[in-house]
Amino acid sequence: MSTASEMVMMKNQGYSYQAALAASQKVNWRIEDIIGGDKRLDFSKPFMPESLARVELLDFLSADEQRTLNQIRGNAYLCIFGVVEEFILPFLMDHARPQLRGDDYRVRALLQFAGEEAKHIHLFKRFREQFDNGFGTNCAVIGPPEAIGRAVLAHDPLAVALTILQIEWMTQRHYLDGVKDDQELDPLFKSLLKHHWMEEAQHARLDVFVVEALAEGRSRQEIEKAVEEYVEIGAFIDDGLKAQTQFDLEAFVRATGRTLTESERERFVAVQTQANRWTYLGSGMTHPNFQATLESLLPEARERVKQIAPLFC
Ligand SMILES: [Fe+2]
Ligand SMILES: [Fe+2]
């Protein structure tokens, strides 16, 4: 193992590229084991855990209408993860490329990480195809992924790495907090969240290495600037989530034929905007492991994120 790897290992609580590679090789699942053939979405069940969907707060909707909205949110989940994974993949390849020689475990762990994200993109697409065939109403989603990816990748790589780290921890929370104990969910969608969680666990640890490598040798001001850019990326994602909430409202009205009063629409948008914020921003921002990485970069960085986090919870 190289000296650089050893140094990184000390900071990441004994974790190493070698351990990450071994763990992902053990987990490594195939798309065919999760979806296809008789493995189909069951549209009589909700797809998303209520802690993320927050449809029950909309008590003016019937149980059937709440389930329909839950499924629309499930479709958006597939699309939004499709979008974020599409900027994670090129980012990782760019990060791995300048050091293809040297630490063999590093190269293999990062390429494995990238390969898994490519597989996740594929998995989310397969789920979307099934959703489109079974749901019966067209649901608009934000995009295109390339344009969103370009806008995110235009930022400082350290800001992008922090955004990605937040996404990895958020995925851990989605499964652990909401899915593991919820027996009512569609088993196929639950399996998607579970299998994603299994591979993202290694990504989260590897992304700590990426953050540390990109922060190395930077002055306090340079780190502060990168953290501000991370906040800017968050605001950009937040704008996307507001747009997605409007799309979800329109899809809901089309799918159910329900007419909402002005105050019901307002309540719908307020609750669902906040639910989206928690799902895609707050659940990662407030994750103790994400905060620990910020703290190790710069205590003020953790404070900065702590300050704005309640807006996304
Ligand atoms: Fe992923
Ligand atoms: Fe990931």
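Whatever comes next refers back to the structure up there.
About the criteria used
Residues numbered from 1 in each chain as written. Chains lettered and ligands numbered in written order. Predicted model: local features only at pLDDT ≥ 70, side-chain atom pairs only at ≥ 80, totals over all residues. Heavy atoms only, no water. Helix = DSSP H or I, 4+ residues; strand = E, 2+ residues; numbered from the N terminus. Rg over C-alpha atoms; globule rule 2.2 N^0.38 Å. Buried < 20%, exposed > 50% of the residue type's maximum accessible area, 1.4 Å probe, protein only. Areas by Shrake-Rupley, 256 points an atom, 1.4 Å probe, with all protein chains shown as cover. Donors = N, O, S within 2.8 Å, 3.2 Å for Na, K, Ca; no water. Tetrahedral: all angles 85-135°; square planar, octahedral: opposite > 155°, others 65-115°. Core = buried A, V, L, I, M, F, W, Y, C linked by side-chain atoms within 4.5 Å. Contact = heavy atoms within 4.5 Å. Arc of directions from axis to C-beta. Disulfide = S-S within 2.5 Å. Axes fitted to C-alpha atoms, helices over the stretch in contact; angles between N-to-C directions. Parallel < 35°, antiparallel > 145°, perpendicular 65-115°, else oblique. Left-handed = near helix turned anticlockwise from the far one by under 90°. Nonpolar A, V, L, I, M, F, W, Y, C, P; charged D, E, K, R; others polar. Phe/Tyr/Trp six-rings, centres within 6.5 Å; stacked < 30°, edge-to-face > 60°. Lys NZ or Arg CZ within 6 Å of the ring centre and 35° of its normal.

Caption draft 1: Fine view of the overall build of the chain. Looking only at helices and strands, the chain features 12 helices and zero strands. Going from the N terminus to the C terminus, the chain shows its helices and strands as α-α-α-α-α-α-α-α-α-α-α-α. Relative to the 2.2 N^0.38 estimate, which gives 20 Å for 313 residues, the radius of gyration of the chain is 20 Å and therefore close to what a compact globule would have. Overall, the C-alpha framework of the chain stretches about 65 × 45 × 35 Å when taken along its three principal axes. Scored against the burial criterion, the 313 residues of the chain give a buried share of 54%. Summed over all atoms, the accessible surface of the chain reaches about 13800 Å², with 51% contributed by carbon and sulfur.

Caption draft 2: Representation of the coordination of the iron ion (ligand 1). Those protein atoms acting as donors to the iron ion (ligand 1) are Glu85 (OE), Glu85 (OE), Glu117 (OE), His120 (ND1), His196 (NE2) and Glu200 (OE), and they sit at 2.1 to 2.6 Å. Taken together, the six donor atoms surrounding the iron ion (ligand 1) define angles of 53 to 174° at the centre, an arrangement classified as irregular. Each donor residue of the iron ion (ligand 1) lies on the same chain, and together they follow the pattern E-x31-E-x2-H-x75-H-x3-E. Here the iron ion (ligand 1) and the iron ion (ligand 2) are spaced 3.4 Å apart, and both take glutamate 117 as a donor. Taken together, the residues histidine 120 in helix H5 (residues 104-135) and glutamate 200 in helix H8 (residues 187-215) connect sequence positions 80 residues apart. Here histidine 120 and glutamate 200 have matching classes, each one buried.

Caption draft 3: The arrangement of the coordination of the iron ion (ligand 2) in detail. Note on the iron ion (ligand 2): its protein donors are Glu117 (OE), Glu168 (OE), Glu200 (OE), Glu200 (OE) and His203 (ND1). The metal-donor distances range over 1.9 to 2.4 Å. Each donor residue of the iron ion (ligand 2) belongs to the same chain, and together they define the spacing E-x50-E-x31-E-x2-H.

Caption draft 4: The arrangement of the nonpolar core in detail. Phe127 and Phe189 are the most contacted members of the largest nonpolar core, which totals 95 residues. Broken down by element, this core gets its largest block of residues, 13 residues, from helix H4 (residues 63-96). Every residue in contact with phenylalanine 189, bar those within four places of it in the chain, is listed here: Leu41, Phe47, Met48, Gly74, Tyr77, Leu78 and Phe127.

Caption draft 5: View of helix H12 (residues 299-308). Along H12, the residues that are buried comprise Ala301, Val305 and Ile308. All buried residues of H12 lie within an arc of 65° about the axis, which places them on one face of the element. Buried residues belonging to H12 abut helix H9 (220-256), helix H10 (262-285) and helix H11 (288-297).

Caption draft 6: Up close: the environment of valine 83. Tracing the backbone through its elements, the reader meets valine 83 in helix H4. Using a relative accessible area of 6% as the deciding quantity, one classes valine 83 as buried. For the pair valine 83 and isoleucine 142, spaced 59 residues apart in sequence, the C-alpha to C-alpha distance is 8.7 Å. Non-local contacts of valine 83, meaning those with residues more than four positions away in its chain, are made with Ile142, Pro145 and Ile148.

Caption draft 7: Molecular detail of the state of the cysteines. Counted by the stated rule, this structure contains zero disulfides. Of all cysteine sulfurs, the one in cysteine 79 lies closest to cysteine 139, which takes part in no disulfide; the gap is 8.6 Å.

Caption draft 8: Quick look at the packing of H4 against H5. For the pair H4 and H5, the least separation of the axes is 9 Å and the interaxial angle reads 155°. Relative to H5, the element H4 lies roughly antiparallel. Like other packed secondary-structure pairs, H4 and H5 cross with a definite hand, here left-handed. In the contact of H4 with H5, the residues fall into 18 nonpolar, six polar and six charged.

Caption draft 9: How the structure looks around the packing of aromatic side chains. Counting across every chain of the model gives 16 aromatic pairs. A centroid spacing of 4.6 Å and a plane angle of 55° characterise the contact between tyrosine 17 and phenylalanine 209, whose relative ring orientation is tilted. Pair noted here: tyrosine 17 is in helix H2 (residues 17-27) and phenylalanine 209 is in helix H8, with a separation of 192 residues, a long-range link. By relative accessible area, tyrosine 17 is classed as buried at 7%. Grouping aromatic residues by their ring pairs yields a cluster made of Phe43, Phe47, Tyr77, Phe81, Phe124, Phe127, Phe131, Phe135, Phe189 and Tyr280. Lying over the aromatic face of tryptophan 29, lysine 119 brings its terminal NZ or CZ to 3.9 Å of the ring centre. Taking NZ or CZ as reference, arginine 205 lies 4.2 Å from the ring centre of tyrosine 15, over its face.

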